[in-house]
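Breakdown of the fold
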There are 4 protein chains.
Amino acid sequence: MDMEELLEQLLEECRPYTQEGKVATYIPELAKGNREDLGIYVLRSDGRHYQAGDYKKRFTIQSVVKPILLLQALMDNGKDFVRARVGVEATGKPFDAINVTDQTLLSEHINPMVNMGAIAMCTLIKGKNGEERFQRLLELTRALAGDPEIALDEAVYLSEKRTGNKNRALGFLLKTYGMIEDDDVEEVLDCYFKACSISVNSKNLANIGYVLASRGKRPQTEERIFPSAYAHYVNAILATCGMYDGSGDFAVKVGVPAKSGVGGGIMAVVPTRMGIGIFGPALDGKGNSVAGIRLLEQLSQQMYLSIF
Amino acid sequence: MDMEELLEQLLEECRPYTQEGKVATYIPELAKGNREDLGIYVLRSDGRHYQAGDYKKRFTIQSVVKPILLLQALMDNGKDFVRARVGVEATGKPFDAINVTDQTLLSEHINPMVNMGAIAMCTLIKGKNGEERFQRLLELTRALAGDPEIALDEAVYLSEKRTGNKNRALGFLLKTYGMIEDDDVEEVLDCYFKACSISVNSKNLANIGYVLASRGKRPQTEERIFPSAYAHYVNAILATCGMYDGSGDFAVKVGVPAKSGVGGGIMAVVPTRMGIGIFGPALDGKGNSVAGIRLLEQLSQQMYLSIF
Amino acid sequence: MDMEELLEQLLEECRPYTQEGKVATYIPELAKGNREDLGIYVLRSDGRHYQAGDYKKRFTIQSVVKPILLLQALMDNGKDFVRARVGVEATGKPFDAINVTDQTLLSEHINPMVNMGAIAMCTLIKGKNGEERFQRLLELTRALAGDPEIALDEAVYLSEKRTGNKNRALGFLLKTYGMIEDDDVEEVLDCYFKACSISVNSKNLANIGYVLASRGKRPQTEERIFPSAYAHYVNAILATCGMYDGSGDFAVKVGVPAKSGVGGGIMAVVPTRMGIGIFGPALDGKGNSVAGIRLLEQLSQQMYLSIF
Amino acid sequence: MDMEELLEQLLEECRPYTQEGKVATYIPELAKGNREDLGIYVLRSDGRHYQAGDYKKRFTIQSVVKPILLLQALMDNGKDFVRARVGVEATGKPFDAINVTDQTLLSEHINPMVNMGAIAMCTLIKGKNGEERFQRLLELTRALAGDPEIALDEAVYLSEKRTGNKNRALGFLLKTYGMIEDDDVEEVLDCYFKACSISVNSKNLANIGYVLASRGKRPQTEERIFPSAYAHYVNAILATCGMYDGSGDFAVKVGVPAKSGVGGGIMAVVPTRMGIGIFGPALDGKGNSVAGIRLLEQLSQQMYLSIF
């Protein structure tokens, strides 16, 4: 069976699992998502690509932007600077947890893959103001995806901004503990809300995942976008913390670095071999695409993808 | 020895303990406080009053306003309404703790004597806007203290507002969990920052404490300001949670309902017998006046004040 | 209406609330309790006593022994020694919480009214071994209750011992952090399990409460059993932490020091005025007698019992 | 430069870092360790092996036994059975944390790489009693290491047993929450204490790591000891949680599955390429060999070991 047939077959096997999940509803724009949707796009290191299902549908990137935020912060400041400001340990807590109660919040307590750390990362991106920072991040996203038409979903952004009080609380905590220095909290959050609202499709995520898989090189041209050390840094964090508090389970079952978002996207990185983009907005209780994880699990077993 | 002599003597015995504490420094205005200051004012139910030391000095009320916020909320809404919105259990955590990590924040998790609960209380005070709410609270404070000249310390208020990022985080968490409904978070915080910045002296606190001790009646005229049930409500919470996470120790050593603030004030309530106001800005690690607690401990032993 | 009629009337009004609770079932002996039972015994400082309902029924003392353990520890070691070894702050957590995760457990983190602190107290009672310690505690209980026939419920004790793995865990944690020094953990636990299994009735609890209310004096003979300072110590802790994590609610609604146990007992202390014993084995979610609390709430309102 | 020279050179470069760490002292036997020791043994898939420094010295396996416990549990029960009983998410907490306070402890809350999960694993190993279970584990360890002379360090075992009160507390908590069913807690702990006290050297760890790297096959003979799926399972957990709460840092810096122990050992798994054994008893604050991590970091950079 060739790869295209395999994807079609696995997708049909996995689509019923969409019934086990729920579309995110915390903002009205996400609630409009179609629960049955499921799509996959695979880009291989031999330059070939394969796809199935709803791979053309657009959705907001949400937390899948976190590794891109981290990449931009690394490219702007280097590893040591970033590492000193945002920790890398799994927090063992939900993505929006307030990781502080009785003790001083330290950089070691935050992680780029949970909201607090991702907001902190927005302050590490170079730029005169929030808007300039976001534009640079958007440019990087376009470059990684090889798609200059990637744009902000204005409606989602405005909705995130209007309802994002928990993220606002996280922002003021970062400010309290000196992790947002000169910047205005609301401006940092604005960059974060925009970052989460970038509109992408499965192909875009597969392309971004490919660059991480090839440790910094663009498909085909092999042009280097960032040093391989940054890919190791990002991929390591994706492997340990990329799938919220289902990261351990995903490592056992699928075994590759990946990042999910509540928009239904999953970007998976198979080092040296392929980038994979998934879209499946029906989420499990941890915020991961139910059918998307099943699809990756099947694919991993069929193609021996686990790096472990 | 008469009461006046007793106060003088105890005050001199306790003043050295001011050396064990530190003046609050989180805003510049508080840091200007004089560590050696110590004053006491006692108002008895027989109408007599006694004082010693720096009892005339003014300071900001800070957390001692919390029972007044609670009283105003009770007077505006009744016990059941307030009880349903703000819990009454000791949290076992510092006054500014973020009492939420992995779980939904419920009204049962907050307490009127910690910041989060006190901020929630600001939304329960009737008024068209934050300013009107604060004015009503200020009027109640003046009425309780029998001092129409009590006013806002503008410099402290502005400083609190500028630096209050942790309280801002708490406000946005309350908003996230539906505990600030229609109101704008920043406006609610504005009322809270102003409430904490009311300028008082020991005599004022003794008068306020007296009204709570007499379960709602003004000194001398015996005019009732609020129903006795509200005094029981407030005094019970003061006894269990009034002295931050030193409340248990204070109950054992002194044995009366009391509330302290980082401005150095302590308001103590000796039911049916007296109201006591203390000023001593040198604070222990929990935010309570070091020498003030010593003074109350001595006074309690000498005059058998413990209600337990 | 005289006192006897009042008790009868309140008891009938409150009995239906037994339907809202559940009898404890963690050991078979407790599960045999009769959910509808409700009894009260009041002993007043004028020497008169009043009772209603199932006041003669026997039940195991369970956590109501905690203040007696604390008293024995105080009588054997004095306030300073005990205070240095077991803290007095409310933990804000359930009675059997494991108040330690990432940090070193300190004496300040435990409380005599939660299991960990009560187990620690067993090591502070003088005696060559666990059995001798328990015998001294039993003697004190008999003396306080004025009832030499109070005895151990052997079946409950054996059941507690067999199933008490969480308490065993707490005991080994105390050992880990140096709070059980020379003693064998299992022997300390044995004393604790026996202490919880003392069989009492409402009259016993009322008598014990009376001695605490009179700050150490026996009814009628006025003979002093312990110094008044120990009564203040115990009563203060009962007021702040006696009713599990419903202590704040109880302070607001009833307003007197009290201790409840999962056997259905409540011992209430009305300083200078009375001791009250309640039996009502239908418990609320926090482990307190549902109807018992209602009964005390009504009685407190009718007789102005609140000390706050 | 050939591999042997490289190891010698890196070892000399890294040895000074031993000064930054401390030998474990919680039991006297470990405290006797020599802080300056540092050794490495590398076994490659081409059958060649290289070594440097104190690679022959013996030490107790301590937590490096955890992946072997997990393997034995998997071999005895299959993936689904084990997965249903012991979770796989990072806890974000120290290795000996008590991952329970206010909530019911569930299998999802424990992890095979922290003590509580490892103790739970002991009950999943088949055997009539604790001793038989331990013997089977010891046999597996010998088989993995290809060294039939691996044995228990009796002195360390007795010391662990005598002082292991925190582990005892963890055991009783597991019993409380139904995770140790029929077994006697002390017997389960006995198996655990023995497991931690197996005496090994760097060569042993390299051989064990090799079998995991080759997904279940013995060096040279290529004989399969366990299915590849179990290797993926174990390696995934090592990658996410193998280095205590320094696992994220290790993933970023070194990038291979590994497990450390407070005896100073590290077993590293470079999938398809090599097994590495390290000995360096000077530990950092998280319990990992300071110089050992440095050595692996250098080796990873020189030989491009990172799988991410």
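Conventions adopted
- Residues numbered from 1 in each chain as written.
- Chains lettered and ligands numbered in written order.
- Predicted model: local features only at pLDDT ≥ 70, side-chain atom pairs only at ≥ 80, totals over all residues.
- Helix = DSSP H or I, 4+ residues; strand = E, 2+ residues; numbered from the N terminus.
- Rg over C-alpha atoms; globule rule 2.2 N^0.38 Å.
- Buried ≥ 20, exposed ≤ 12 C-beta atoms within 10 Å, placed from the backbone.
- Contact = placed C-beta atoms within 7 Å.
- Nonpolar A, V, L, I, M, F, W, Y, C, P; charged D, E, K, R; others polar.
- Expected span 1.5 Å × (residues − 1).
- Domains from an automatic or database assignment.
- Pairing = 2+ DSSP bridges.
- Least-squares fit on C-alpha atoms with pLDDT ≥ 70 in both.

Another aspect to go through is the overall build of chain A. Looking only at helices and strands, chain A has 13 helices and 8 strands in total. In terms of C-alpha radius of gyration, chain A reaches 18 Å, essentially the compact-globule figure of 19 Å for 308 residues. In terms of its C-alpha atoms, chain A occupies a principal-axis envelope of roughly 55 × 40 × 35 Å. Across the 308 residues of chain A, 61% fall into the buried class.

Tallying the contact residues gives 25 residues for chain A and 25 residues for chain D. Listing elements by their share of the side of chain A that touches chain D, those giving two or more residues are α11 (228-241) and α12 (247-253) of chain A. Taken together, the residues of the side of chain A that touches chain D sort by class into 12 nonpolar, 9 polar and 4 charged.

This paragraph deals with helix α8 (residues 165-176) of chain B. All names here are of chain B. An ideal rise of 1.5 Å per residue puts 16 Å on 12 residues; α8 measures up with 16 Å between its terminal C-alpha atoms. Across the 12 residues of α8, 11 count as buried, placing the element largely inside the fold. Buried residues of α8: Lys-166, Asn-167, Arg-168, Ala-169, Leu-170, Gly-171, Phe-172, Leu-173, Leu-174, Lys-175 and Thr-176, and no others. Directly beyond the C-terminal end of α8, a positive phi value near 75° is found at Gly-178.

How big an interface is tends to be stated in terms of the accessible area lost upon association of its parts. Residues and elements named next belong to chain A. With domains assigned, chain A is organised as domain 1 (3-59 + 201-219 + 241-303) and domain 2 (63-198). Listed per partner, the contact involves 23 residues of domain 1 and 20 residues of domain 2. Elements supplying a minimum of two residues to the side of domain 1 that touches domain 2: α2 (28-31), α10 (202-213), β6 (258-260) and β7 (265-270). Tallying contributions element by element places α10 first for the side of domain 1 that touches domain 2, with 5 residues. Residues belonging to the side of domain 1 that touches domain 2 are distributed by class as follows: 11 nonpolar, 8 polar and 4 charged.

Moving on, we get to the arrangement of the chains. With no contact between them, chain A and chain C keep their nearest C-alpha atoms 11 Å apart. At the C-alpha level, the nearest point of chain B lies 11 Å from chain D, with no contact between them.

All names here are of chain D. Between the first and last C-alpha of helix α13 (residues 290-303) there are 20 Å, a value that for 14 residues agrees with the 20 Å anticipated at 1.5 Å per step. Those residues of α13 that fall on the buried side of the exposure criterion are Val-290, Ala-291, Gly-292, Ile-293, Arg-294, Leu-295, Leu-296, Leu-299 and Ser-300. In this structure, the buried side of α13 is in contact with α1 (3-14), β1 (39-44), α12 (247-253), β7 (265-270) and β8 (274-279). Where α13 terminates, the next one or two residues include Tyr-304, which has phi positive at roughly 50°.

Remark: a regular strand shows side chains that alternate across the two faces of the sheet. All names here are of chain D. The element strand β2 (residues 49-53) is extensively covered by neighbouring structure, given that 4 of its 5 residues are classed as buried. Pairing of β1 with β2, which is carried by 5 bridges, proceeds in the antiparallel orientation. What sits directly across from Leu-43, in β2, is His-49. With antiparallel pairing between neighbouring strands as the criterion, β1 and β2 make up a hairpin whose turn holds 4 residues, including Gly-47 at a positive phi of roughly 90°.

Take the relation of the copies chain A and chain D next. Superposing chain A onto chain D requires a rotation of 180° together with a translation of 0.0 Å along the rotation axis, leaving an RMSD of 0.0 Å. The symmetry that links the two subunits is that of a two-fold axis. The overlap is high: 100% of the interface residues of chain A also sit at the interface in chain D, so the same surface is used on both sides.

Most peptide bonds are trans, and most residues other than glycine sit at a negative phi. With a phi close to 70°, B:Thr272 is a non-glycine residue in the positive phi region. Relative to the helices and strands, B:Thr272 is located in the loop between β7 (265-270) and β8 (274-279). For C:Gln62, which is not glycine, the phi dihedral falls at a positive 45°. On the secondary structure map, C:Gln62 appears in the loop between β3 (59-60) and α3 (66-77).

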